[in-house]
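# Residue-level structure breakdown
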Amino acid sequence: MIPAIVVFVYLASVLYIGIFAFRRSAQRDKAEDYFLAGRSLGVVVFLLSLFGTNMTAFALLGSSGHAFGNGIVTYGLMASSSALIVPLSLFFIGTRMWGLGKKYGFMTPVQMFRDRWECGHIGTVITIVQAILLVPYIIIGVMGGGTTMNAISGGRIPFWVGGAIVALVVMSYVFFGGMRGTAWVNAFQTTLFLLFGAIALGVIGAGMGGFDKAVNELASSPATAALLTRERVSPLYFFSYTFIPLSSICFPHIIIFCLTAERVQHFKKTVILYPLCMLAIWLPAVFLGVTANRAVEVPAIQAKLEARKTLATNSATLLPEQKTELRAKAAGDDVLVRLLEHYAPLWLAGLLGAGIMAAVMASDSQILALSTMFTEDIFAFYGGKRRFAVQIVIRTWRPASNRAGCARRNAGSPSAGAPPARRRPRPPAFPSSVSRTASTIRAGSTSCRTATCWWPRPTPRPRRRRASRASSCSRCRRSPAPAPPVPTASRSCATGTAKAGQRRAVCCWKTSS
């Protein structure tokens, strides 16, 4: 139970960091400060928080589980391509998004789409689609929290209780800290699980008697030799995974994080150091997942290997229910935790378990992004900011964060008053089919986002026409006042300027001439 106590101490520390960030905010009543941390994140916090928010529970638990069943090819499929494509997308698209957001005051990607493509209600459709595609990753985070808490506590904490605890903690510090608290927590968590990879690799390797012995045993056995090669993956299938990282820059929480940098120069160090951070996280996790196939002295891993062998030899004679139960037993999502339980001391297992929990809890920025989109793209767009004060907009966001957190918590908890059902084998905590489909759709939308940033004329050139007194600026939705009689006078309309003698509103994306 000592590892579980250490994890609870870590959760309390994370909660305090979020509340402390809220108290340090000098302009917490402003929406931009709450949603974007005032666009003032420094280079270190920006790098660590951006990388940490891009690493979900799959980065540690899912990658080691995938490598446990598929081999070292997991690193080539997911980590090597992401280490190249994600920095490039940040350089070409992220910096452009930052510049447009800084100039025109955008807080969400949908605001950018609405102004650039001159669309109004279609932005609501984009918001709904982005929210739907973001839900699987949020569910993965809460399921990863439940899996970790259940494994670290030795089964004393049920899966749904662990998921509920993680959801409550994340919801609390996002509620109080906003983007500033989320960024500080992500920076702290990223530092923690970057250290975790190196420590876990050394401790587990020493406990197994050295990795040379484990790798030689894997290579000498015909059943496991393919785990050290790419034989099971065709070149075309391997190449197809190169397109999946294109979806990273299309995540709304990644774009919103790009808007929080204080200077565009912060992207330079982020692009350089991002591949090194990927190497520090993915290589130990994948390597430990592969070598776990030789950890037969661990009872839980031995049971997984036996279930896998039964599926391979007797698959034709097994009933569908038996196959489902064996697949659940053979799932490798918790092999990393099982290795720590067996080879690491209790206190060290607790610290390393906290490092795993740090990677699992990276879904906080996704909840914040959902709430920001609801507030800015739906509530404020349809008249909420015009009717009420900015403080009402912030208060509207907070119940939205509560609803998002409750949805995550209810995803893993049984309904109140429901009769106790027969226990079924829990499916793998990191389903790849749903998240892969969402990633494919996002990768396809990268072309639209690139055109929004770089294509000079995706919409027709605005005609020079006289606007009536009822015309309004497309961003602030206020009608321009009549032109003053003094020829040299001028006045401002949102981000544009209506000069004297010209009865028209110069809007944000239109060129005045």
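Residues numbered from 1 in each chain as written. Predicted model: local features only at pLDDT ≥ 70, side-chain atom pairs only at ≥ 80, totals over all residues. Heavy atoms only, no water.

## Some points on the overall build of the protein
Across its full length, the protein holds 21 helices and two strands. Counting only residues that meet the buried cut, the protein has 51% of its 513 residues in that class. Sequence-distant contacts, at least 24 apart, represent 82% of the contacts inside the protein between residues at least 6 apart. Summing over all exposed atoms, the protein offers an accessible surface of approximately 23600 Å²; the carbon and sulfur share of this is 63%. (Helix = DSSP H or I, 4+ residues; strand = E, 2+ residues; numbered from the N terminus. Buried < 20%, exposed > 50% of the residue type's maximum accessible area, 1.4 Å probe, protein only. Contact = heavy atoms within 4.5 Å. Areas by Shrake-Rupley, 256 points an atom, 1.4 Å probe, with all protein chains shown as cover.)

## Quick notes on the packing of helix H15 (residues 335-343) against helix H16 (residues 346-360)
At their nearest, the axes of H15 and H16 sit 9 Å apart, and the two run at 165° to each other. Considering their axes alone, H15 and H16 lie roughly antiparallel with respect to each other. H16 is crossed by H15, and the crossing has right-handed handedness. Note on element contacts: H16 touches H15 through Ala349, Leu352 and Ile356, opposite Leu336, Val337 and Leu340. (Axes fitted to C-alpha atoms, helices over the stretch in contact; angles between N-to-C directions. Parallel < 35°, antiparallel > 145°, perpendicular 65-115°, else oblique. Left-handed = near helix turned anticlockwise from the far one by under 90°.)

## Some details on the pattern of salt bridges
According to the stated counting rule, one finds eight salt bridges in the structure shown. Of the charged contacts in the structure, one is a salt bridge between Arg263 and Glu262, with a shortest N-O distance of 3.8 Å. By sharing partners, the salt bridges in this structure join Lys304, Asp334, Arg338 and Glu341 into a single network. (Salt bridge = Lys/Arg side-chain N within 4 Å of Asp/Glu carboxyl O.)

## Focus on the packing of helix H9 (residues 211-220) against helix H12 (residues 266-291)
Relative to each other, H9 and H12 sit at 60°, their axes nearing to 10 Å. Between H9 and H12, the interaxial angle falls into the category oblique. Counting all contacts with H9, which are made through Phe211, Ala214, Val215 and Leu218, the residues of H12 involved are Phe287, Leu288, Val290 and Thr291. Split by residue class, the contact of H9 with H12 holds seven nonpolar, one polar and no charged. (Nonpolar A, V, L, I, M, F, W, Y, C, P; charged D, E, K, R; others polar.)

## Observations concerning the side chain of Ser247
The residue Ser247 is located in the loop between helix H10 (235-240) and helix H11 (252-258) in this model. Within the local environment of Ser247, its side chain forms a polar contact with the backbone oxygen of Ile244, the two atoms lying 2.7 Å apart. (Polar contact = N/O pair within 3.5 Å; in protein donor to acceptor, adjacent residues only side chain to side chain.)

## Quick notes on the packing of aromatic side chains
Counted by the stated rule, this structure contains 13 aromatic pairs. Ring geometry for Tyr237 and Tyr241: centres 5.2 Å apart, planes at 65°, overall edge-to-face. By relative accessible area, which is 36% here, Tyr237 ends up partly exposed. With centroids separated by 5.5 Å and ring planes inclined at 90°, the aromatic side chains of Phe239 and Phe243 adopt a geometry described as edge-to-face. Phe239 gets classed as partly exposed once you look at its relative accessible area, which sits at 49%. Relative accessible area serves as the criterion here: at 45%, Phe243 is assigned to the partly exposed category. Over the ring of Phe238 we find Arg230, and its NZ or CZ is 4.7 Å from the ring centre. Across the ring face of Phe68, the terminal group of Arg308 is positioned such that the distance to the ring centre comes to 4.5 Å. (Phe/Tyr/Trp six-rings, centres within 6.5 Å; stacked < 30°, edge-to-face > 60°. Lys NZ or Arg CZ within 6 Å of the ring centre and 35° of its normal.)

## Some words on unusual backbone geometry
The backbone of Ala37 sits at a positive phi, close to 55°, despite the residue not being glycine. With respect to the helices and strands, Ala37 occurs in the loop between helix H2 (31-36) and helix H3 (43-54). The class of Ala37 is buried, set by a relative accessible area of 0%.

## Focus: the confidence of the model for the protein
Per-residue confidence for the protein averages 76 on the pLDDT scale, and 73% of its residues sit at or above 70. Low pLDDT (under 50) marks residues 399-438, which in the prediction has 57 contacts with non-local residues, meaning those over four places away or in another chain. Note on residues 486-513: pLDDT is under 50 here. Beyond four places in sequence and across chains, it has 47 contacts. (pLDDT = per-residue confidence, 0-100.)

## Notes on helix H8 (residues 159-207)
An ideal rise of 1.5 Å per residue puts 72 Å on 49 residues; H8 reaches only 28 Å between its terminal C-alpha atoms. The largest bend in H8 comes to about 125°, at Gly178. A positive backbone phi angle near 85° is found at Gly209, which sits one or two residues after H8. (Expected span 1.5 Å × (residues − 1). Bend = angle between axes of the 7 residues up to and from the residue.)

## Quick word on the environment of Thr191
Along the chain, the position of Thr191 falls in helix H8. Residue Thr191 is classed as partly exposed on the basis of its relative accessible area of 36%. Placed 167 residues apart in sequence, Thr191 and Ala358 show a C-alpha to C-alpha distance of 9.1 Å.

## Digging into a nonpolar patch on the surface
The grouping of Leu88, Phe91 and Phe92 at the surface amounts to a nonpolar patch, some 310 Å² of accessible area in total. Since its relative accessible area comes to 47%, Leu88 is described here as partly exposed. (Patch = residues over 30% accessible without salt bridge, like charges linked within 9 Å, V, L, I, M, F, W, Y side chains within 5 Å.)

## Structural notes on H16
Its 15 residues place the ends of H16 21 Å apart at the C-alpha level, agreeing with the 21 Å of an ideal helix rising 1.5 Å per residue. The buried count for H16 comes to 12 of 15 residues, which makes it a mostly enclosed element.

## Focus on the environment of Ser89
Here Ser89 shows up in helix H5 (residues 73-104). For Ser89, a relative accessible area of 8% gives the class buried. Note: C-alpha distance between Ser89 and Pro245 (156 residues apart in sequence) is 9.1 Å. The residues contacting Ser89, other than those within four sequence positions of it, are Gly94 and Ile249.

## Considering the nonpolar core
Most often, soluble globular proteins keep nonpolar side chains buried together rather than apart. Ranked by size, the top nonpolar core spans 112 residues in total, and within it Phe193, Phe196, Trp282 and Met361 carry the most contacts. Considering every element that reaches this core, the biggest residue donor is H8, with 13 residues. Apart from the residues within four sequence positions on either side, Phe193 is in contact with Phe51, Gly52, Met55, Leu60, Ile281, Gly355, Ala358 and Ala359. Ala307, Leu311, Leu318 and Leu326 belong to the second-largest nonpolar core, a separate cluster that totals five residues. (Core = buried A, V, L, I, M, F, W, Y, C linked by side-chain atoms within 4.5 Å.)

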